Amino acid sequence: MPKVTVDGQEIDAPEGATVLQACELAGKEIPRFCYHERLSIAGNCRMCLVEVKPGPPKPQASCALPATEGQEIRTDTPMVRAAREGVMEFLLINHPLDCPICDQGGECDLQDQSVAYGRGGSRYHENKRAVTEKYMGPLIKTIMTRCIHCTRCVRFSEEIAGVDEIGALYRGEDMQITTYLEQAAAHEMSANVIDLCPVGALTSRPYAYEARPWELKKTLSIDVSDAVGANIRLDSRGREVMRALPRINDDVNEEWISDKARYQVDGLTRRRLDQVWVRAVGGPNAGKLQRASWEDAFDAIVKAAKQGGDGSIAAVAGDLVDCETMFAAKRLLAELGSDKLEGRQTGLDYDCSSLAGIAFNSTLAGIESADAILIVGSQVRHEAPLINVRLRKAAKRGAKIFLIGPEWDTTFACEFLGEDAGLLHDLPGHVADAFKDAARPAIIVGPGGLAANALHPALVLADEWNLVRDIDGEAWNGFNVIHTAAARMGAVMLGYAQKGGIKDVVDAAPAVLLSLGADAVDYGAFEKSLKVYIGHHGDAGAHAADIILPAASYAEKDGTYVNTEGRVQFAEKAVFAPGDAREDWTILRALADAFGVSVGFDSFAQLQSAMIEAVPALGEEGIAPLGKLPKGKKTPKAKGAIAYPIADFYLTNPIARASETMQRCSAELVHGDEILEAAE
Amino acid sequence: MANRQPAPDTPELRERWGNFAFNADYEAKAQKALARYPEGRKKSAVMPLLDLAQRQVGEETDTQGWLPLPVIEYVANYLDMPVIRVLEVATFYFMYNMTPVGKYHVQVCGTTPCMLRGSDDIIAACKKRGMKKGEVSEDGLWTLTEVECMGNCATAPMVQINDDNYEDLTPERLDAVLDALAKGEQPKTGTQEPGRHTSEPSGGPTTLKEMVSENHDYRGEW
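In this text, all values refer to a predicted model and were calculated from it rather than measured experimentally.

J.: How should the interface of chain A and chain B be read in this particular structure?
T.: The parts lose accessible area when they come together, and the size of an interface is often stated as this lost area. At the junction of the two partners, chain A supplies 15 residues and chain B supplies 17 residues. Summed over both sides, the interface between chain A and chain B buries roughly 1400 Å², with carbon and sulfur atoms accounting for 62% of that surface. Its largest share of buried area at the contact with chain B, chain A owes to A:Tyr170, A:Arg171 and A:Tyr180, together 53% of the area lost on that side. Here chain A is connected to chain B by two salt bridges. In this structure, B:Arg85 engages A:Glu158 in a salt bridge whose closest nitrogen and oxygen atoms are separated by 3.3 Å. Elements that contribute at least two residues to the side of chain A that touches chain B include exactly helix 4 (152-161), strand 7 (166-169) and strand 8 (176-179) of chain A. Sorting elements by how many residues they give to the side of chain A that touches chain B places strand 7 of chain A first, with four residues. Considered class by class, the residues forming the side of chain A that touches chain B number seven nonpolar, three polar and five charged.

J.: What's the story with the sheet that holds strand 23 (residues 479-481) of chain A in this structure? I'm lost.
T.: Two modes of strand pairing occur in sheets, parallel and antiparallel, and in both the strands are linked by backbone hydrogen bonds. Residue and element names in this part refer to chain A. The five strands are arranged 19-18-17-20-23 in an open sheet whose pairing can be described as parallel. Of all the strands in the sheet, the pair left with one neighbour each is strand 19 (415-418) and strand 23. Across this sheet, the average inter-strand angle for adjacent strands is 20 degrees, counted without regard to direction. Sheet analysis places strand 17 (residues 372-376) next to strand 18 (residues 400-404), joined by five bridges and oriented parallel. Bridged to alanine 372 within strand 18 is lysine 400. Contacting strand 17, strand 18 and strand 20 (441-445), helix 10 (residues 385-396) runs over the sheet at an angle of about 145 degrees to strand 17. Most of the contacts of helix 13 (residues 455-464) go to strand 23, to which it runs at about 160 degrees, and overall it touches strand 17, strand 20 and strand 23.

J.: Can you help me understand the side chain of B:Arg85 in this one?
T.: Within the secondary structure layout, B:Arg85 lies in helix 5 (residues 83-92). What makes B:Arg85 buried here is its relative accessible area of 12%. Side-chain polar atoms of B:Arg85 contact the backbone oxygen of A:Ile166, separated by 2.7 Å. Setting aside anything within four residues of it in sequence, one finds B:Arg85 in contact with A:Val154, A:Glu158, A:Asp164, A:Ile166 and A:Gly167.

J.: Could you clarify how one ought to interpret the UniProt feature "domain: 4Fe-4S His(Cys)3-ligated-type" (unreviewed entry) in chain A in this entry?
T.: As recorded in UniProt, the sites labelled "domain: 4Fe-4S His(Cys)3-ligated-type" (unreviewed entry) are residues 79-118 of chain A. Summarising residues 79-118 of chain A: 60% helix, 0% strand, and an end-to-end C-alpha distance of 14 Å.

J.: I would appreciate a short explanation of helix 2 (residues 24-35) of chain B in the present structure.
T.: All names here are of chain B. If you check helix 2, its first and last C-alpha atoms are 16 Å apart, about what twelve residues at 1.5 Å a residue would give, namely 16 Å. Of all the residues in helix 2, the buried ones are Tyr26, Ala30, Ala33 and Leu34. Buried residues in helix 2, looked at end-on, bunch into an arc of 100 degrees, giving them a common side. What points out from helix 2, more than 90 degrees from its buried face, is the exposed set Ala24, Lys32 and Ala35. Residues of helix 2 that are buried in the fold lie against helix 3 (46-61) and helix 4 (69-79).

Calculation rules
Residues numbered from 1 in each chain as written. Chains lettered and ligands numbered in written order. Predicted model: local features only at pLDDT ≥ 70, side-chain atom pairs only at ≥ 80, totals over all residues. Heavy atoms only, no water. Contact = heavy atoms within 4.5 Å. Buried area = accessible area lost by both parts, 1.4 Å probe. Salt bridge = Lys/Arg side-chain N within 4 Å of Asp/Glu carboxyl O. Helix = DSSP H or I, 4+ residues; strand = E, 2+ residues; numbered from the N terminus. Nonpolar A, V, L, I, M, F, W, Y, C, P; charged D, E, K, R; others polar. Pairing = 2+ DSSP bridges. Axes fitted to C-alpha atoms, helices over the stretch in contact; angles between N-to-C directions. Buried < 20%, exposed > 50% of the residue type's maximum accessible area, 1.4 Å probe, protein only. Polar contact = N/O pair within 3.5 Å; in protein donor to acceptor, adjacent residues only side chain to side chain. UniProt positions renumbered as here; feature names shortened; annotations may be inferred. Expected span 1.5 Å × (residues − 1). Arc of directions from axis to C-beta.

Listed below in structure tokens is the structure:
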């Protein structure tokens, strides 16, 4: 612990800290552009100059200077001030004075630091440099004349994303940031460079000229595009969500979010269900959806349920719903005498009897420290891009990673063992050896693995390799499952898991099927049931429905979500739902009235307390108590070729499918080659 | 500064260079360059490999050589590197030609010492022979480039033509050199000043004269 003084204040800097970090510990603000906590140190913007004794009598770049014992650091001397002014003036020489038309305006590091540390005017009278724009795909808009060459974007794509595609060509004044041949940046995390860019060189293309940061209402929310539960901030103006930005949470998403989480929000205003529809039974429009009133719809539901007899009602939860909605539906069904609840829409029937057996136990942050990882049936880049970032970190630290499943383009060093899930029973010797020697071994079962019956065989391996262990007093549980649905863990906690999966619900042949935004269900199996779709987008579920009750999306309601780790998180309501759409729980509450039953809550607060009373874990933010890892069953064995469920990363949920931006990404980045071929 | 942009990525370019691969001769040299670096560090060989690729392109086209994009991609593949990282290196260093050049790449130094010693006349002499900056002359022989200091200030002005320097130039001496090259002869490289060997002081030493023939101890004279 080197002891240093910062502006006369003595502090203990942690081992390996830089002078900049020491200054921050002492509460001093050091301006910077190229330095970023999560990227390697470049030291090329020179904005963080401070005076350090002992050392040469000149300002030193604090970001790249290690703090050593007895250093005397000054951040407030005339030399430092002059140095900052000088660097700022040089940076602004070639930076255009176009803040009024720049999207970064109001949240621009260069703007802020120019005000705080600049000299107030330029003495430069020559022509400024101009740089041609570079195409970087449908998400990133470039105005490269504004670039100050901090290289954060280059380092992000190389170090974090693991896809070397952005580089700095030419040199000196001519240096230009670009992708190879101006190809689109095509990975799932690409848009994070927009947040990283300290100036307006890389800005958001879909959000271009939409709003100024100070006009926006900021709401803390949780991303529902995958089961990682990335912490996001929804910026809204009026009734429209303008953009989603990551919030910093080192346990979940660090400070990144996937492109889908960031850009699906424009789907919130398109293809919305904003009124009640009922499929006409007779008459000239038989079989067609007709506008109806809430009363008519409720009457039809009650009538059908009554005809079916007691308890002839079931609920299927979609991938994006919050726990409160699911709980309200569960309560309603319980009052009506049914417990037919299911969340796994596509027919999976893995064992949900133990939460630990289906959770990401080693935690997202913890998986970074694993030293041997076996991934069974997960295309991690598509299913959980943020976990892929963690896996890359683990691999960089030397973790040996093995995968079972069809090969995909990984961003880390790894070995594909084969496509057949049966390999779990017959692993090559070197894999078993790697796990026997590992200090922190981990298994990750993905949706492809769950579908191939690999959960129990993986649990057997977990037992064999002793995945739950104590490492120097710290508990380590290396058994992990990656889910793809934001609602999955909450659904399981609330009992939305039949033993036989959705087949049990089909077999029960309920008179009424409540679909809580479930779009992936095979509704053909429910031909006899009255299908009531309570959801927000006109997608597959609504097409199949007999009655559509318009509800709210994740941005339009408060709600609790549980991510794949079992981490309970609350999201807040950013905007109001459009038209006649209501928050889901109010619809279910009104439906209870129509049925003439009492569900025991009249407000969201009451609903939430009732839910917490039933499942106390949902009341506390943080990882829910998951229990002990269950022992695996030896039979049935896993078998069959593994298939990944996500064919198109950009179009996995109804919001994304409605989003113009996601459609463009899909067309260009996923199907771009086909389009090119067609053109030729 | 000359245009450093890579030559456009056209179907013709792909067709001409898409199948580029080191021939046996260059493959051996490339392996030798790779062997200089430890295991797992083969990216370090990117600069020698780009140079070798440029030379092979030169041999195939009877020019000094240049780096078409498919060749850059070949080098990237060879070293298992992302192409953008190789392109960064190729566009950074001036010695890699990003566009086609002539058989002789006449690089005239125009930095201060050479300029004071008459590099403007040298450039004018080149232009008089039909060379244009950054372009290949009609006969395919010449490409003229103005470069920054080549470290031959003591024998300024100078030009570098492909791998050789020609120093102490006047327009006449340059013409003689270029004429010889055009005829396919190899002119004397280095200084063109009669009687001068390398970069020793012209007209004999002006300081440390006693040191010329034997060792001399100056300390008593301080």
